[in-house]
Amino acid sequence: MHRQQLGFFPTPIVKLPRLSKKLGGPRILMKRDDQTGLALGGNKVRKLEYLVGEALAGGCDTLITGGAEQSNHCRQTAAAAAACGMPCHLVLGGERPDVPNGNLLLNGLFGAKIHWTGELRKGEKIPEIAAQIRASGSKPYVVPYGGSNSTGAVGFVEAVRELVIQLEELKETVTQIVFPSSSGGTQAGLVVGRSLFDQHFQLIGVGIDKAEAGDRPFDELVLSLANSTAERLEAGLTFTHSDITIRNEYFGDGYGIVGELEQRAIRLVAETEGILVDPVYTGRAMGALIDMIERQEFSQDDTVLFWHTGGTPALFSYAGEIARRDVTGETL
Ligand SMILES: *Cc1c(COP(=O)(O)O)cnc(C)c1O
């Protein structure tokens, strides 16, 4: 498969001893994919190396993708396009704000052309806009929602190869890996990589975005993506529902809505370890991990690896929700 180098790998693995002590829980490691190197980092860089590789090999000259207003995936795609000298079109949910912030600000800096689509935040209008781009004589490559197809997921199969080498060097054995799961490519790639590289850790995806009525159930989507990715690699592996674990009790008030769970996780990790998690994905998944530790779902002998998938540029656009307050409600 074609791969276009975009990020810096391997990303570091760090230990979180103070967080672990504070929670009285298992050992906690963190895989720092918030440090993948391209444009403030994130997990989409791994997928984009294969997606952009495929785009360039196929002679495409424009990237198009879509997502929510504060989509990290769109920001990383816009940066990848700029890094490869291609124009980028982003199809974003919401309305154009007066002052762009967070990821949206960065999209503008990368020169992306933004198409606003109101209620539609999963790139539903991409085919229409891609047709317009084609009609104007360009050859667009459609990067799927979240970069999640069998091409993108290969980035996370490779991430397991990278992880295994690092854990060997660190003389660490990981018993569980916890991460946010939303468009499915990260989880599908990790599931394939775990089997391909003969690993035995448990993979615990934390569902971020509740499926809507009529959507395909998310675990089925991840399962089918894992199987198509394995097929793509001619790995001779077939997965079943028992390979896919997704925790569906941490949706809170919905996608992108910061509640107590996320606020507490963001502050706790920042205060104990000097590390930032994001309001939408890693804040929620870390909140879930904290909750699972407090419910004593892990033993003291476990070593849990939290896969930090990035997203921190969105912190700034949530300043109103996550500004630190003391117990009297004063902003500190
Ligand atoms: C996209 C994203 C995820 C989810 O990864 P999927 O492969 O879409 O499931 C998690 N965290 C962050 C910060 C993301 O941007």
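Rules behind the numbers
- Residues numbered from 1 in each chain as written.
- Predicted model: local features only at pLDDT ≥ 70, side-chain atom pairs only at ≥ 80, totals over all residues.
- Heavy atoms only, no water.
- Pairing = 2+ DSSP bridges.
- Helix = DSSP H or I, 4+ residues; strand = E, 2+ residues; numbered from the N terminus.
- Core = buried A, V, L, I, M, F, W, Y, C linked by side-chain atoms within 4.5 Å.
- Buried < 20%, exposed > 50% of the residue type's maximum accessible area, 1.4 Å probe, protein only.
- Contact = heavy atoms within 4.5 Å.
- Domains from an automatic or database assignment.
- Buried area = accessible area lost by both parts, 1.4 Å probe.
- Salt bridge = Lys/Arg side-chain N within 4 Å of Asp/Glu carboxyl O.
- Near = heavy atom within 4 Å.
- Polar contact = N/O pair within 3.5 Å; in protein donor to acceptor, adjacent residues only side chain to side chain.
- Areas by Shrake-Rupley, 256 points an atom, 1.4 Å probe, with all protein chains shown as cover.

Chemist: Break down the sheet that holds strand β9 (residues 246–247) for me, citing the residues and quoting the values.
Modeler: Read from one edge of the open sheet, six strands run β1-β2-β10-β7-β8-β9, paired in mixed fashion. The strands lining the two open edges of the sheet, one partner per strand, are β1 (13–15) and β9. Bridging between β1 and strand β2 (residues 27–32) involves three bridges; their strand directions are antiparallel. Paired with Ile-13 across the bridge in β2 is Lys-31.

Chemist: Break down the nonpolar core for me, citing the residues and quoting the values.
Modeler: Across soluble globular proteins, you tend to see nonpolar side chains buried next to one another. By size, the foremost hydrophobic cluster in this structure holds 34 residues, and its most contacted members are Leu-19, Met-286 and Leu-289. Sorting elements by how many residues they give to this core places helix α10 (residues 282–294) first, with seven residues. Excluding anything up to four places from it in sequence, Met-286 contacts Leu-19, Met-30, Ala-265, Val-269 and Phe-306.

Chemist: Help me get a handle on the domain arrangement of the protein, residues and values and all.
Modeler: Parsing the protein into structural domains produces domain 1 (13–42 + 148–322) and domain 2 (44–147). Facing 34 residues of domain 1, the contacting portion of domain 2 comprises 25 residues. Summing both sides of the interface, domain 1 and domain 2 together bury roughly 2300 Å²; the carbon and sulfur share of this comes to 54%. The tally of links from domain 1 across to domain 2 stands at five salt bridges. The partner of Lys-122 in a salt bridge is Asp-209, with the nearest N and O atoms 3.6 Å apart.

Chemist: Give a description of the site of the ligand that names residues and reports values.
Modeler: By nearness alone, 16 residues border the ligand, and Lys-44, Lys-47, Ser-183, Thr-186 and Thr-309 come closest of all. Contact between the ligand and Gly-184: an oxygen atom at 3.0 Å from a main-chain N or O atom of the residue. Thr-186 is positioned with one of its side-chain polar atoms (N or O) 2.7 Å from an oxygen atom of the ligand. Compared with its free state, where it exposes 380 Å², the ligand has 98% of that area covered by protein.

Chemist: Please give an account of the pairing of strand β10 (residues 303–308) that cites residues and values.
Modeler: The two faces of a sheet get side chains in turn, since along a regular strand they alternate between them. Judged by how many residues are buried, β10 sits mostly within the fold: six of six residues are covered. Of the two faces of β10, the one carrying Thr-303, Leu-305 and Trp-307 and the one carrying Val-304, Phe-306 and His-308 are both buried. Relative to β10, β2 is paired through six bridges, and the arrangement is parallel. Across the sheet, residue Lys-31 finds its bridge partner in β10, namely Trp-307. Alignment of strand β7 (residues 176–181) against β10, held across three bridges, turns out to be parallel. Along β10, the bridge assignment pairs Gln-176 with Val-304.

Chemist: Hey, could you go over the environment of Tyr-281 for me, with residue numbers and the actual values?
Modeler: Its place among the elements puts Tyr-281 in the loop between α9 (260–273) and α10. A relative accessible area of 16% means that Tyr-281 is categorised as buried. Expressed as a C-alpha distance, the spacing of Tyr-281 and Cys-88, which sit 193 residues apart in the sequence, is 24 Å. Once you skip the residues sitting within four places of it in the chain, Tyr-281 turns out to touch Asn-72, Pro-180, Ser-182, Ile-208 and Tyr-255.

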